[in-house]
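Each chain is listed here by its residues.
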Amino acid sequence: MNESKIERLVIVGGGTAGWMTAALMAKVLGRAIDIVLVESDKIGSVGVGEATIPPILHFNRALGLDEREFLRETKGTIKLGIQFENWWKTGESYMHAFGTIGKNFPLCDFHHYWRRSQQGATPASLWDYSLNYQAAIHNKFAHLAQIQGTSLPGLTYAYHFDAGLYARFLRRYSERSGVRRIEGTVDHVQRHPDSGHVDSLLLENGERIAGDLFVDCTGMAALLIDKTLGVDYEDWSHWLPCDRAQAVPSAAPRAPAPYTRAIAHAAGWQWQIPLQHRTGNGLVYSSAHYSDEQAREILLSHLPGEALAEPKTIAFRTGRRREPWHKNVISIGLSSGFLEPLESTSIHLIQTAATRLAKLFPHRGIQPEEIAEYNRQSQVEMERIRDFIILHYKANARHDSDFWRACATMDVPDGLREKMALFAKTGKLFRDYDDLFSEAAWQQVLIGQGILPEDYHPLADNLSEQQLAELMQNLKILIDGTVAKLPQHAQFLRAVNGG
Ligand code: FAD
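What counts, and at which threshold
Residues numbered from 1 in each chain as written. Predicted model: local features only at pLDDT ≥ 70, side-chain atom pairs only at ≥ 80, totals over all residues. Heavy atoms only, no water. Domains from an automatic or database assignment. Near = heavy atom within 4 Å. Polar contact = N/O pair within 3.5 Å; in protein donor to acceptor, adjacent residues only side chain to side chain. Areas by Shrake-Rupley, 256 points an atom, 1.4 Å probe, with all protein chains shown as cover. Helix = DSSP H or I, 4+ residues; strand = E, 2+ residues; numbered from the N terminus. Nonpolar A, V, L, I, M, F, W, Y, C, P; charged D, E, K, R; others polar. 1 Å grid on protein atoms, 1.4 Å probe; cavity = no way out; pocket = protein on both sides within 12 Å on 5 of 7 lines; lining within 4 Å. Points joined across faces, edges and corners; volume = space filled by probe spheres on them. Phe/Tyr/Trp six-rings, centres within 6.5 Å; stacked < 30°, edge-to-face > 60°. Buried < 20%, exposed > 50% of the residue type's maximum accessible area, 1.4 Å probe, protein only. Lys NZ or Arg CZ within 6 Å of the ring centre and 35° of its normal. Pairing = 2+ DSSP bridges. Core = buried A, V, L, I, M, F, W, Y, C linked by side-chain atoms within 4.5 Å. Contact = heavy atoms within 4.5 Å.

**Considering the domain arrangement of the protein**
What the domain assignment lists for the protein is domain 1 (8–50 + 162–237 + 318–366), domain 2 (99–155 + 398–485) and domain 3 (244–315). The centre of domain 1, based on its C-alpha atoms, is set 39 Å off from the matching centre of domain 2.

**Observations concerning the site of the ligand**
Neighbouring the ligand are 32 residues; Gly14, Val48, Ala51, Val186 and Ile347 lie closest to it. With respect to the ligand, the backbone of Ala51 contributes an N or O atom lying 2.8 Å from a nitrogen atom. In the model, an oxygen atom of the ligand is placed 2.8 Å from a nitrogen or oxygen of the Ile347 main chain. Within the complex, 96% of the 1000 Å² of free accessible area of the ligand lies under protein. When residues of the shell around the ligand are traced back to their parent elements, those giving at least two are α1 (16–29) and α9 (346–359). Ranked by the residues each element gives to the shell around the ligand, the list is headed by α9, at three residues. Partitioning the shell around the ligand into residue classes produces 16 nonpolar, 15 polar and one charged.

**With respect to empty space enclosed by the protein**
Empty space among the atoms becomes apparent when a probe as large as a water molecule is rolled across them. Scanning all chains against the criterion turns up one cavity of 30 Å³ or more. Counted by class, the lining of the largest cavity contains nine nonpolar, seven polar and no charged residues.

**Digging into the packing of aromatic side chains**
Scanning the model with the defined rule gives 25 aromatic pairs in all. Seen from their ring centres, Phe141 and Phe492 are 4.8 Å apart, and the 85° between their planes marks the pair as edge-to-face. Note that Phe141 is positioned in the loop between α5 (131–137) and β6 (158–160) and Phe492 in helix α15 (residues 489–496), a separation of 351 residues in sequence. Comparing Phe141 with Phe492, the two get one shared label, buried. Site record: aromatic cluster; members linked through ring pairs are Phe84, Trp87, Tyr94, Trp127, Trp269, Trp271, Tyr393, Phe403 and Trp404. Over the ring of Tyr374 we find Arg356, and its NZ or CZ is 5.5 Å from the ring centre.

**A look at the sheet that holds strand β12 (residues 233–235)**
Read from one edge to the other, the open sheet built from three strands follows the order β12-β18-β21, with strand pairing classed as antiparallel. Of all strands in the sheet, those bounded by a partner on one side alone are β12 and β21 (337–338).

**Section: the nonpolar core**
Soluble globular proteins tend to bury their nonpolar side chains together. One finds Trp87, Ile332 and Tyr393 to be the most contacted residues of the largest nonpolar core, which totals 145 residues. By size, the runner-up hydrophobic cluster in this structure holds 18 residues, among which are Ile209, Phe214, Ala222 and Leu229.

**Looking at unusual backbone geometry**
Excluding glycine, most residues fall at negative phi; most peptide bonds, likewise, are trans. Positive phi, normally seen in glycine, also occurs at Lys75, with a value near 55°. Position of Lys75 relative to the elements: it lies in the loop between α3 (67–74) and β3 (77–79). Judged by relative accessible area, which is 33%, Lys75 ranks as partly exposed. If you check the backbone angles, Asn86 has positive phi at about 70° while not being a glycine. Examined against the element boundaries, Asn86 turns out to sit in the loop between β4 (81–85) and β5 (93–97). Take Asn86: its relative accessible area is 18%, and that puts it in the buried class.

**Observations regarding the environment of Leu486**
Positionally, Leu486 belongs in the loop between α14 (465–485) and α15. In the structure, Leu486 is positioned 407 residues away from Lys79 in sequence and 15 Å away in space, judged by C-alpha atoms. Here Leu486 is in contact with Ala135, Lys140, Ala142, Leu144 and Leu155, once residues within four sequence places are set aside.

Put into structure tokens, the structure is as follows:
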């Protein structure tokens, strides 16, 4: 192994992955090591990736970013959840709203009480008890840690933002923190003849950049991890059949909604991400079912406003790098694998990969145990997210296209199959300790995709009918009353911009 001290870290690539990694490394390692980032203006970045999930707040806070400045600089908006339309059946929709639902009791999740209450005369929707959902559909937002006068949690949120502006924002932060940026295209990678480690990069202009540890943030090019080291890729496209996307911005929404829309079509789905200055749109599709021309037409005919550019096509392969850390190269971002953006998890995976690297940073030289642990954690994390995304495709009752029929009948990974079966029969659901998604997230997608449990936990019978009715009614009154008092999301954004 490479026992020599790490004195210079070289990050290759200046997309979201490159600058998030640079910013965190600069924050954690300070000026103890030399950090260099090489990026190529000529190649540019993938230019998509605008929706996030709540842990992004921890990342921004760890860097010490001011939220108002961040939202102003990235033209950001608030995201309270993702609205899934036409997924279970055409015409049906549900939201994966962040945060909790109702009120949990020891040993018995709220949805068991809700399920029991469904047998009453006026069954209510599960989402009547989600503060996030109610705020989202009423276009409301304010910082709210708790529902007033209770111990119930308030709003849980993430952001939509312009990925290019976020990268620029983090670039300024990183450069202020000592990261040295080099503009140039890597033309050749030199390896150590004995160890096979990457030694240095040769740029097109002849400059040579040497380093001890390299982070491959070159996106789908995967210049170091794949083209140089040849690390294998595990393909998951048999479970996640979409392999292309087209993206196009459209005119700014008058009042940006505080949630993402994910609208299913006959052979894929479309995202709508409202930002302050435009809406981000895209169609993710299966090239076996849609030609590029068909996809383009579907996308352009379903925009919420005037298109501001020509759609850009992006081909991808769903899967993961088998060893995201190999020798002295760690791949972060698209070079390390890709899960389609249905649950907005890629930026999160950059965040966790950079954090993992910071925690396992090989100050005194690379140890095989560090590599093994890094790779083990990365694998488990990706597999859990993969299964959650597969659920959206598998649990559908659409019979209107070959694409959806194939998804409904496909085999899924064992863990997911067992989880779905247990929930369908008993309503019981367990979150794996290292799963990113909470029980409430799984419950919403399972129920929203038509898997209504046949039974509920017997503890839910401990309340009398009247107690149960009062519990449900009081929760609804609390949530509705709280949402009524919240300001509009647009008002929150005006305040961010000093209005
Ligand atoms: P890139 O942005 O492609 O950056 C690669 C960098 O490497 C660039 O700076 C490039 O110039 C540089 N580079 C490449 N080759 C060389 C070379 N030879 N020399 C020098 N520099 C080089 N994620 C989310 O979290 N939410 C979303 O809503 C979301 N939507 C998405 C939609 C689609 C269709 C796709 C494909 C992805 C989406 N993602 C989303 C993922 C997200 O876009 C990426 O995770 C994120 O942008 C990180 O990309 P990256 O930095 O790895 O790669």
